[in-house]
Amino acid sequence: MRSLLYLIAVILVIGWALGFFVYSAGGLIHILLVIAVIAILLRLIGGRGV
């Protein structure tokens, strides 16, 4: 499950970068970035205990 969360986070960061530099979709792009950062933090925090 953790690797899936990490994969989702990477996809969201790539989507944010593409959207930020190519499409200018406004607030949606920043919401994707926040979700990706939260997923990465959960991965880092959860990975320490295992």
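Residues numbered from 1 in each chain as written. Predicted model: local features only at pLDDT ≥ 70, side-chain atom pairs only at ≥ 80, totals over all residues. Heavy atoms only, no water.

1. Observations concerning the overall build of the protein
Counting its regular elements, the protein contains two helices and zero strands. Counting every position in the protein, which comprises 50 residues, the buried fraction comes to 14%. As presented, the protein carries roughly 3,900 Å² of accessible surface, and 78% of it is formed by carbon and sulfur atoms. (Helix = DSSP H or I, 4+ residues; strand = E, 2+ residues; numbered from the N terminus. Buried < 20%, exposed > 50% of the residue type's maximum accessible area, 1.4 Å probe, protein only. Areas by Shrake-Rupley, 256 points an atom, 1.4 Å probe, with all protein chains shown as cover.)

2. Considering the environment of V37
Here V37 is to be found in helix α2 (residues 27-49). Relative accessible area serves as the criterion here: at 39%, V37 is assigned to the partly exposed category. Once the C-alpha coordinates of V37 and V10 are considered, the two residues, 27 residues apart in sequence, prove to be 9.3 Å apart.

3. Here we look at a nonpolar patch on the surface
On the surface, L4, L7, I8 and I11 cluster together to form a nonpolar patch covering roughly 360 Å² of accessible area. One can find L7 in helix α1 (residues 2-23). Note on L7: relative accessible area 46%, which makes it partly exposed. (Patch = residues over 30% accessible without salt bridge, like charges linked within 9 Å, V, L, I, M, F, W, Y side chains within 5 Å. Salt bridge = Lys/Arg side-chain N within 4 Å of Asp/Glu carboxyl O.)

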